[in-house]
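A look at the structure
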Amino acid sequence: QVQLVESGGGLVQPGGSLTLSCGASGSIYSANAMGWYRQAPGKQRDLVAIINSSSSATYADSVRGRFTISRDNPKNTVYLQMNSLKPEDTAVYYCYARLKSSLQILRAYWGQGTQVTVSS
């Protein structure tokens, strides 16, 4: 059984910073892409940033230059450093990973979500 466990959400003032982390545990053979999506109330879930096993990253236009995604491959962990946060960054942030389990089955996994609120 593979699980993604997120941490690091919370309340922050505009202009502040937060770091999210997400660790994958269980019977993992390999981790391909790992990343973050977010969903604000009444909106669809959108990509924030994603990083492949070679550490090549893609960002949403709205966060490029403010957010940085990174990963620790031996630990199957992905991080999202969020700087210069804006109220419009308020959302539930979901960790995403495309993993191959020990049964050699490649599929997508999602974390439970962590709330990020940017407000004064």
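Overview of the structure. On a predicted model such as this, the values are computed, not experimentally measured, just so you know.

Here's the deal with unusual backbone geometry
At Asn 76, a position not held by glycine, the phi torsion is positive, near 50°. Here Asn 76 is to be found in the loop between strand S7 (67-72) and strand S8 (77-82). Residue Asn 76 is classed as buried on the basis of its relative accessible area, which comes to 18%. Of note in the backbone geometry, Ser 84 takes a positive phi value of approximately 50° without being a glycine. Along the chain, Ser 84 falls in the loop between S8 and strand S9 (91-101).

Describing the state of the cysteines
Under the criterion given, the structure shown has 1 disulfide. Bridging Cys 22 to Cys 95, the disulfide has an S-S length of 2.0 Å. Judged by the sign of its S-S torsion, about -85°, the bond between Cys 22 and Cys 95 is left-handed. Here the residue Cys 22 occupies a position in strand S3 (residues 18-25), and Cys 95 occupies one in strand S9, the gap between them amounting to 73 residues. Assessed through its relative accessible area of 0%, Cys 95 is described here as buried.

Here's the deal with the pairing of S3
By the bridge criterion, 5 bridges tie strand S1 (residues 3-7) to S3 in an arrangement that is antiparallel. The residue bridging Val 5 from the neighbouring strand is Gly 23, located in S3. In this sheet, S8 lies alongside S3 in antiparallel orientation, the contact comprising 6 bridges. The partner of Leu 20 across the bridge, within S8, is Leu 80.

As for the pattern of salt bridges
Under the counting rule described, the total for this entry stands at 3 salt bridges. Across the pair Arg 64 and Asp 61 runs a salt bridge, and its minimum N-O distance is 2.7 Å. Between Asp 89 and Arg 66 there is a salt bridge; the shortest N-O distance is 2.8 Å. Within this pair, whereas Asp 89 is found in the loop between S8 and S9, its partner Arg 66 is found in the loop between strand S6 (57-59) and S7, the two being separated by 23 residues in sequence. For the pair Asp 89 and Arg 66, one class covers both residues: buried. Here the salt bridges do not stand alone but share partners, grouping Arg 38, Arg 66 and Asp 89 into one network.

Rules used throughout
Residues numbered from 1 in each chain as written. Predicted model: local features only at pLDDT ≥ 70, side-chain atom pairs only at ≥ 80, totals over all residues. Heavy atoms only, no water. Helix = DSSP H or I, 4+ residues; strand = E, 2+ residues; numbered from the N terminus. Buried < 20%, exposed > 50% of the residue type's maximum accessible area, 1.4 Å probe, protein only. Disulfide = S-S within 2.5 Å. Pairing = 2+ DSSP bridges. Salt bridge = Lys/Arg side-chain N within 4 Å of Asp/Glu carboxyl O.

These figures come from the coordinates and say nothing about function on their own.
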